[in-house]
Every structure is written in structure tokens, then in C-alpha cells.
Amino acid sequence: MAEDCPQKVPAHVAIIMDGNGRWARARGLPRTMGHKKGVEAVREAVRTAGDLGISYLTLFAFSSENWRRPEAEVTDLMGLLKAFIRRDLADLHRENVRIRIIGEREHLRSDILPLLLEAEETTRNNTALTLVIAFNYGSRDEITRAMRKIAREVEAGRLQPQAITPELIDAHLDTAGMPDPDLIIRTSGEERLSNFLLWQGAYSELVFVPEFWPDFSRELFISTLERFATRERRFGGLAPITAAAGQ
Ligand code: FPP
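It should be emphasised that the depicted structure is a prediction, and the values quoted were computed from it without experimental measurement.

(A) Representation of the site of the ligand. In the neighbourhood of the ligand, 18 residues make up the surrounding shell, with Met17, Gly21, Arg22, Arg31 and Arg69 lying closest. Side-chain polar atom of Asp18 to an oxygen atom of the ligand: 3.2 Å apart, as the coordinates give it. The separation between an oxygen atom of the ligand and a polar main-chain atom of Asn20 is 3.2 Å. Compared with its free state, where it exposes 630 Å², the ligand has 92% of that area covered by protein. Secondary-structure elements contributing two or more residues to the shell around the ligand are helix 1 (20-26), helix 2 (31-52) and helix 3 (71-94).

(B) Molecular detail of the packing of aromatic side chains. Taken as a whole and assessed by the stated rule, the structure comprises eight aromatic pairs. Summarising the aromatic geometry, the rings of Phe60 and Phe196 are spaced 4.4 Å apart at their centres and angled 15° between planes, so their arrangement reads as stacked. Of this pair, Phe60 sits in strand 2 (residues 56-63) while Phe196 sits in the loop between strand 5 (183-186) and strand 6 (205-208), and the two are 136 residues apart along the sequence. We classify Phe196 as buried; its relative accessible area is 0%. Judged by centre distance (5.0 Å) and plane angle (20°), the rings of Trp213 and Phe216 are stacked. Taking relative accessible area as the criterion, Trp213 reaches 0% and is therefore assigned buried. The class for Phe216 is buried, based on a relative accessible area of 2%. Joined through ring pairs, the aromatic side chains of Phe60, Tyr137 and Phe196 make up one cluster. Its guanidinium or amino end placed over the ring of Phe228, Lys8 lies 5.8 Å from that ring's centre, counting from NZ or CZ.

(C) Local environment of helix 2. Between its first and last C-alpha atoms helix 2 spans 31 Å; for 22 residues at 1.5 Å apiece the expected length is 32 Å, and the two agree. Looking only at helix 2, the buried set comprises Gly34, His35, Gly38, Val39, Ala41, Val42, Ala45, Val46, Thr48, Ala49 and Leu52. On its buried side, helix 2 packs onto helix 1, strand 2, helix 3, strand 4 (130-137) and helix 7 (218-229). Gly53 sits one or two positions beyond helix 2 and adopts a positive phi of about 85°.

(D) Geometry of the nonpolar core. One finds Val13, Ile15, Leu57, Leu131, Phe135 and Phe221 to be the most contacted residues of the largest nonpolar core, which totals 46 residues. Top element by residues in this core is helix 3. It accounts for nine residues. Leave out the neighbours within four places in its chain, and Leu57 touches Val13, Ile15, Ala45, Val46, Ala49, Leu129, Thr130, Leu131, Val132 and Phe221. Judged by nonpolar contacts, the second largest core, of 12 residues, contains Ala134, Met178, Ile184 and Phe196.

The rules we used
- Residues numbered from 1 in each chain as written.
- Predicted model: local features only at pLDDT ≥ 70, side-chain atom pairs only at ≥ 80, totals over all residues.
- Heavy atoms only, no water.
- Near = heavy atom within 4 Å.
- Polar contact = N/O pair within 3.5 Å; in protein donor to acceptor, adjacent residues only side chain to side chain.
- Areas by Shrake-Rupley, 256 points an atom, 1.4 Å probe, with all protein chains shown as cover.
- Helix = DSSP H or I, 4+ residues; strand = E, 2+ residues; numbered from the N terminus.
- Phe/Tyr/Trp six-rings, centres within 6.5 Å; stacked < 30°, edge-to-face > 60°.
- Buried < 20%, exposed > 50% of the residue type's maximum accessible area, 1.4 Å probe, protein only.
- Lys NZ or Arg CZ within 6 Å of the ring centre and 35° of its normal.
- Expected span 1.5 Å × (residues − 1).
- Contact = heavy atoms within 4.5 Å.
- Core = buried A, V, L, I, M, F, W, Y, C linked by side-chain atoms within 4.5 Å.

Here it is as C-alpha cells:
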């Protein structure tokens, strides 16, 4: 574990990487340059998360709503993700990183799906950081797909409606088996969740930072974790001191 590591490191950090376009515009550069720098920030965030002993790092790479962007930008983002997997998979595997992909897969283009599956398959037994890439992901879509799977089981008579519990719903989400995010970070000053981990983030701490994603450095990651470390998490219960005093 690194020396500059905050004391209370969350097990699962999820990040909405926002502001690539504004980072580029502020420098008079095309948006594509912002996304390119964004990939470098991804590499640094993955390294930092591994160094600090974070178990799960989830990155919102492409939302189910991002298809509404101009075709050239969609192609650009796809190209960057493909290049990232092609170039970085071997290094990530060597560093014992396990990759998991969340999001709708069935309708993905044939040039991207096999790469995502290969990344998962190659790294499936790795035991260091789990890097979760949210790709073609939207929470409402994920929950809808989970509900359909559950409804089919009920329809087939394999499941009683009373057996539908939060745990059962968890097990039908793309994130099945992962802990809920302790911390959700969003860069660029926007303060909303944008359809990201809505179910899983029920008790997540939210930290919004004004910097654009390409500027999300190791130092900024660590200072964000320090802000998290000051939060008191109650999960709907009472603060320990209040509970002890019976107030
Ligand atoms: C938001 O910036 C960022 C995205 C829509 C995509 C994030 C993708 C990457 C960083 C690259 C690929 C990912 C991986 C995991 C290799 P924006 O374009 O919405 O910025 P703006 O709000 O300033 O326009």
C-alpha cells in the first residue's frame, strides 16, 4: 500500500468521468483530444486504485444514452475503448487486474463484443483490483433487464413472487456478486448521477469535484478519498454516539 494512502480506503469506488469535451474546448482542441487525454487519466486512476488497495474500480465509459451523440464521436469513443483493451490488456493481466464489463451486450457491434469478452475471460482468475467498465450501461436499462429475467422465472413457475427480495434483484443485475460502491465520484462540477448505479448506489457517498476528467490525477484521487474518509456512513441507522446515548 502506498505511503500517501488515506486511512479508510473504500472497497469500491465508482467514477463518472465527465468533462472531456470541456477540457478540450478550454484549450481550443477538438473533443476527440479530450477523450484521448481521458484515456490517460483512466490509466492513472487504475494504477492509483491498485496501489491504494481499492478492490473494485467502476468507470462509466459509455452510457446507453451516449448513442445520441454525433456518429463521429461515438465511433471515436468506441475506437478508444477498443484501443485501450488491445493495448492495455496484457499489462493489466500482468498486474493481476480482473476486468468485468457491465451494460447491455446483446446488441453490441461484432467488432467490440468479442474484445470485451476476451478481456473478461483472460483476466477472470486475477485477484488484485477488479476494474469494472460500464459500457453501453444505463441503470434503468440494467434494472429493466433484471426485471425481465425475474419475470420469466416467475412465469415458468421456478420462482414465487414472495421470493423476490433485494438480494435476489442484486443477483440479477450486471453487478451480481460485487459489493455496492462505497463512493461515487463525478468530475467536471456536474452534480447528478445520470442513470449510473442507481440501485447499487443507494447508500454510496457522493463526491463531486470541479476538475474535468483529463485532469483527474493521482493527487486528486487521493484528496477525494480523504474527503470520503471524513464522511460518517449510517446506512439509515444512527450515528454510533447518538445510538449509544439512546437519543
Ligand atoms: C464525458 O465527457 C466522458 C465520456 C462520455 C466518455 C468517457 C470515456 C473515456 C474517458 C475514454 C474511454 C474509456 C475507457 C475505460 C478506456 P464529455 O464528452 O461528456 O465531456 P463534456 O461534458 O465536457 O462534453
